[in-house]
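# Notes for the structure review
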Amino acid sequence: MTKSVRTRTARTVLITSVLVANRGEIACRVFRTCRELGIATVAVFSDPDADALHVREADTAVRLPGAAPADTYLRGDLIVKAALAAGADAVHPGYGFLSENAEFAQAVLDAGLVWIGPPPAAIEAMASKTRAKELMGAAGVPLLAPVDPGAATEADLPLLLKAASGGGGRGMRVVRELAALEAELAAASAEARSAFGDGEVFAEPYVERGRHVEVQILADAYGTVWALGTRDCSLQRRHQKVIEESPAPGLPAELLTGLAEAAVAAARTVAYRGAGTVEFLISPRGRPYFLEMNTRLQVEHPVTEEVFGLDLVALQLSVAEGAPLPPEPPEPYGHAVEARLYAEDPSRDWAPQTGVLHELSLEAEGKGEAAGIRPRRGSAQDAVRLRTDTGYGPGDRVGPHYDALLAKVVAWAPTRAEALRRLAHALLRARIHGPGTNRQLLVRSLTHPDVLGGHPDTGFYDRHLDALTAPAAGDDERHAAVAAALADSAARRGAATVPARLGGWRNLASQPHRKTYGDHEISYRVTRDGVRVEDDGVRVVSVSERLVRLEVDGVVRDFRVSAYGDGGRGEGAYVDGAYSNRAKGDRAYADHVYVDTAHGSYRLLAHPRFTDPSATPAPGSLLAPMPGTVVRVAEGLAEGDRITAGQPLVWLEAMKMEHRVTAPASGTLTALHAAPGRQVDVGALLAVVATDPVPEDQPS
């Protein structure tokens, strides 16, 4: 039970146990502060999250039966029961899910629990973007005029469709053709309903090359409202932020003052209390427009914590206990940049990636232990700082059910240039062994001239994605494949029996060994004088199972090799000189290889010497590009239908985002296996399109 005490300034409730109504890194983040404050922690978990990091880190955990968010993390009634059953006296909503649900906030309060968030009335006023715009318009804040989708004309294009509830890019679509408006409205509504339990969608003009700038606010119950600087969140994919920084670079003082005043006015308009964010769109001409107010902690809150030297979660708890804020916040100092590391492939339409995360480590990382407690300025305190917030540990599985975020990596430094350099270097040198990630995209973005020059905008990835995801020039990946092949050879020789190791009773010249990684076929010979690679300009200096040293064009480089025999399933691993595979028991199945160097890392797939012909799909097969759930099939689609190349046929939901699967070619639909509600694995057969024959007078 909560304990009440009196102070000279307010009646304060002391929280003793907090349930976090969320999962992943935000739950771990809140638990970390609770531990520092001596507050017990309670986790909730769905069936796929039964052994997740946030469950392992909590003092107590309560199961929410099922997997889909609608059955688990969106069930406010079950979460309130869980809090009461576990003896929690307060609930922190995190972000996403029910964090901006006024009914849930009220249910928590009605159960006699402390709600670590704004009053339900403030959530109700601001959580619906349509109602929030009405309030801000009445207060004189500039707005983008809403557009009635039913009356939209060519002159209104392009349009931005947005979910009225929630955020994080879900339920958002850019519409550039009127013919696509109806279908995009349906898709946006379905995605919003799945993510937030509310399918309401509205439309507004889409501002090309605008900047997404927000103001962090924090308010207590006694009229004090802090505006904690700005954050630039313009680098986005699918309207979901990828890189954020604080303060927003290059904005004039007058505009900064206006944004802070508008944010404070928004908070006062609804008698706000707790942490929140007021978001603005800055047009290319520098005119600000109110977008929305997020009545919760933001994913990107660490950059504000680092610049102001604050722990925003601790302040949320303090405000919820009834304590007042100091009259003024501390002065900001330095610059912080955050990169979101996602399990996704940006080169394939941001396709989510799943599998076992064997390792995620960054050199000299803070891991968030001192989150929000950065010392104030001074000689020692000016040292560049790196912080990682994650919801995954070694061996955890990244599944298709929830967000693709693996970790947030944050760098703080006295200057923006130093922070960008440190973050890019940390990501480049990180050991990330598991599903494919957007790491290369992040590094290239952080070092791009537009970003270095302080000119980010929301169209950055639309313009530069192809270049940012292009294969690296040069032979670096091939050299990594050489190192992988040599490490594999060393491991096999080390594990072989004595006769196999001796194996040279003949006086014939040794034949070359060949191994293929991706597009690279590597040939090498094992001689009595050592290992020789049949690649020009490459000399083998030393070889072991974990470390290969090559001299490439006169420069000696180290390649650290880790191989995992999971086939993406996590069944075994070869690490630190020992290999085990519960299912296979043979290093031949160590097919996923990671090579880390000082200049980058490489994720390689080792091809078997002999392929299985039955594994080749039939021509025209439409395969699931990711694991997920079939949410829709094109209306009226049936076997025998004529299909056009590029025609959307099936919609999959994976990691809380919808993904369209289109016809690979024109032809006739001969088989349809997809059905709404069906769970599919990557590579599952969804449909078959018998392609039209190529006319004889056309090239094949």
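Predicted model only: the values in this text are computed from it and were never measured.

Glancing now at the overall build of the protein. What the protein contains, in helices and strands, is 16 helices and 42 strands. Taking all 700 residues of the protein together, the buried fraction comes to 54%. Looking at the protein as shown, the accessible area adds up to about 30100 Å², and 52% of this sits on carbon and sulfur atoms.

With that settled, the discussion passes to the packing of aromatic side chains. Under the counting rule described, the total for this entry stands at eight aromatic pairs. Both rings, one in Phe-104 and one in Trp-115, keep their centres 5.7 Å apart while their planes meet at 85°; by these two values the pair is edge-to-face. Taken together, the positions of Phe-104 in helix α4 (residues 102–110) and Trp-115 in strand β7 (residues 114–115) put the pair eleven residues apart, joining distant regions of the chain. The exposure classification of Phe-104 matches that of Trp-115, with both residues buried. For the cation-ring pair, Arg-632 lies above Trp-651, with the distance from its terminal atom to the ring centre recorded as 4.3 Å.

Axes are the key here: two packed helices are described by the angle between their axes and the distance separating the axes. Two elements in contact, helix α1 (residues 24–37) and helix α10 (residues 312–320), have axes whose closest approach is 9 Å; the angle formed by their N-to-C orientations is 65°. Taken together, the axis directions place α1 and α10 in an arrangement best described as roughly perpendicular. As α1 packs across α10, the resulting crossing turns out to be right-handed. Only Leu-312, Val-313, Ala-314 and Leu-317 of α10 make contact with α1, whose side of the interface consists of Arg-29, Val-30, Thr-33, Cys-34 and Leu-37. Taken together, the residues of the contact of α1 with α10 sort by class into seven nonpolar, one polar and one charged.

We now examine the confidence of the model for the protein. With 86% of its residues at a pLDDT of 70 or more, the protein has an overall mean of 86. Predicted confidence for residues 365–373 stays below pLDDT 50, and this span has 27 contacts to residues more than four positions away or in other chains. Contacts of residues 567–589 to residues separated by more than four positions or lying in other chains number 60 contacts, the stretch itself having pLDDT below 50.

The next subject is the sheet that holds strand β40 (residues 667–672). Strands sit in the order β35-β42-β40-β37 across an open sheet of four strands; the sheet is antiparallel. The open sheet is flanked by β35 (621–623) and β37 (642–643), the only strands paired with a single partner. Pairing geometry for β35 and strand β42 (residues 685–691), over three bridges, is antiparallel. Counted as the bridge partner of Leu-622 is Ala-687 from β42.

Further remarks concern the environment of Ala-638. Tracing the sequence through the fold places Ala-638 in the loop between β36 (628–633) and β37. A C-alpha to C-alpha distance of 7.1 Å links Ala-638 and Leu-672, two positions 34 residues apart in sequence.

The next thing to look at is the nonpolar core. If you look at the biggest cluster of nonpolar residues, it comprises 39 residues, and the most contacted ones within it are Ile-15, Val-18, Leu-218, Trp-226, Leu-228, Leu-315 and Leu-317. Taken together, the elements giving at least two residues each to this core come down to β3 (17–20), α1, β12 (225–237), α9 (301–308), α10, β16 (335–342) and β23 (405–413). Residues in contact with Leu-317, not counting those within four places in the same chain, are Ile-15, Val-18, Thr-33, Cys-34, Leu-37, Ile-39 and Ile-116. Counting 36 residues, the second-largest nonpolar core is a separate cluster that includes Ala-339, Leu-357, Leu-360 and Ala-419.

Another aspect to go through is helix α12 (residues 439–446). Across the eight residues that make up α12, a large majority, six, are buried. Of all the positions in α12, only Arg-439, Leu-441, Leu-442, Val-443, Ser-445 and Leu-446 are classed as buried.

As a further point, take the environment of Leu-637. Note on placement: Leu-637 falls in the loop between β36 and β37. Given the relative accessible area of 14%, Leu-637 is considered buried. C-alpha separation for the pair Leu-637 and Val-650, spaced 13 residues apart in sequence, amounts to 9.6 Å.

All right, on to helix α14 (residues 460–469) then. Inspection of α14 places Phe-460, Tyr-461, His-464, Leu-465, Leu-468 and Thr-469 among the buried residues, and these make up the whole buried set. One face of α14 carries all of its buried residues, which in axial projection span an arc of 145°. Residues Asp-462, Asp-466 and Ala-467 are exposed on α14 and point more than 90 degrees away from its buried face. Looking at the buried side of α14, the elements it contacts are β12, β13 (240–246), α12 and α13 (449–452).

So, about the pattern of salt bridges. Scanning the entire structure with this criterion turns up 39 salt bridges. Measuring nitrogen to oxygen at the nearest pair gives 2.6 Å for the salt bridge that ties Arg-416 to Glu-245. In this pair, Arg-416 is assigned in helix α11 (residues 416–429) and Glu-245 in strand β13, connecting sequence segments 171 residues apart. A residue is classified by how much of its surface remains accessible, and Glu-245, at 5% relative accessible area, is buried. Glu-306 is the salt-bridge partner of Arg-387, the closest N and O atoms lying 3.0 Å from each other. Separated by 81 residues along the polypeptide, Arg-387 in strand β21 (residues 385–390) and Glu-306 in helix α9 bring together distant segments of the chain. Classification of Arg-387 by relative accessible area gives buried; the value is 1%. Take Glu-306: its relative accessible area is 1%, and that puts it in the buried class. Each of the salt bridges in this network shares a partner with another, and the network as a whole consists of Arg-29, Arg-32, Glu-305, Glu-306, Asp-311, Arg-385, Arg-387 and Asp-389.

Moving on, we get to the sheet that holds strand β8 (residues 159–163). Here three strands make up an open sheet; going across it, the order is β9-β8-β10 and the pairing antiparallel. What marks the edges here is a single partner per strand, and that holds for β9 (173–175) and β10 (201–205). Averaged over neighbouring strand pairs, the angle between their axes works out to 30° when direction is ignored. Note that β8 and β9 share three bridges and pair antiparallel. Bridge pairing links Leu-160 to Val-174 in β9. Sitting on the sheet, helix α6 (residues 129–138) touches β8 and β10, and the angle it makes with β10 is about 50°.

On to the pairing of strand β34 (residues 600–605). Burial of the side chains of β34 is restricted to one face: Gly-600, Tyr-602 and Leu-604 are buried, whereas none of Ser-601, Arg-603 and Leu-605 on the reverse face is. Summarising the sheet, strand β33 (residues 592–597) and β34 pair through six bridges and their orientation is antiparallel. Across the sheet, Val-593 pairs through a bridge with Leu-604, a residue of β34. Counting the residues between successive antiparallel strands, the hairpin from β33 to β34 contains two residues.

So, about unusual backbone geometry. The omega angle of the peptide bond from Leu-157 to Pro-158 is -5°, so this bond is cis rather than trans. One can find Pro-158 in the loop between α6 and β8. Omega for the bond connecting Ser-246 with Pro-247 falls within 30 degrees of zero, at -5°, which places this linkage in the cis form. Mapped onto the fold, Pro-247 is located in the loop between β13 and α8 (253–269). At Arg-209, a position not held by glycine, the phi torsion is positive, near 55°. By the element assignment, Arg-209 lies in the loop between β10 and β11 (211–219). Phi angles above zero are rare outside glycine, and Ala-271 is one such case at about 50°.

Reading guide: rules and limits
- Residues numbered from 1 in each chain as written.
- Predicted model: local features only at pLDDT ≥ 70, side-chain atom pairs only at ≥ 80, totals over all residues.
- Heavy atoms only, no water.
- Helix = DSSP H or I, 4+ residues; strand = E, 2+ residues; numbered from the N terminus.
- Buried < 20%, exposed > 50% of the residue type's maximum accessible area, 1.4 Å probe, protein only.
- Areas by Shrake-Rupley, 256 points an atom, 1.4 Å probe, with all protein chains shown as cover.
- Phe/Tyr/Trp six-rings, centres within 6.5 Å; stacked < 30°, edge-to-face > 60°.
- Lys NZ or Arg CZ within 6 Å of the ring centre and 35° of its normal.
- Axes fitted to C-alpha atoms, helices over the stretch in contact; angles between N-to-C directions.
- Parallel < 35°, antiparallel > 145°, perpendicular 65-115°, else oblique.
- Left-handed = near helix turned anticlockwise from the far one by under 90°.
- Contact = heavy atoms within 4.5 Å.
- Nonpolar A, V, L, I, M, F, W, Y, C, P; charged D, E, K, R; others polar.
- pLDDT = per-residue confidence, 0-100.
- Pairing = 2+ DSSP bridges.
- Core = buried A, V, L, I, M, F, W, Y, C linked by side-chain atoms within 4.5 Å.
- Arc of directions from axis to C-beta.
- Salt bridge = Lys/Arg side-chain N within 4 Å of Asp/Glu carboxyl O.

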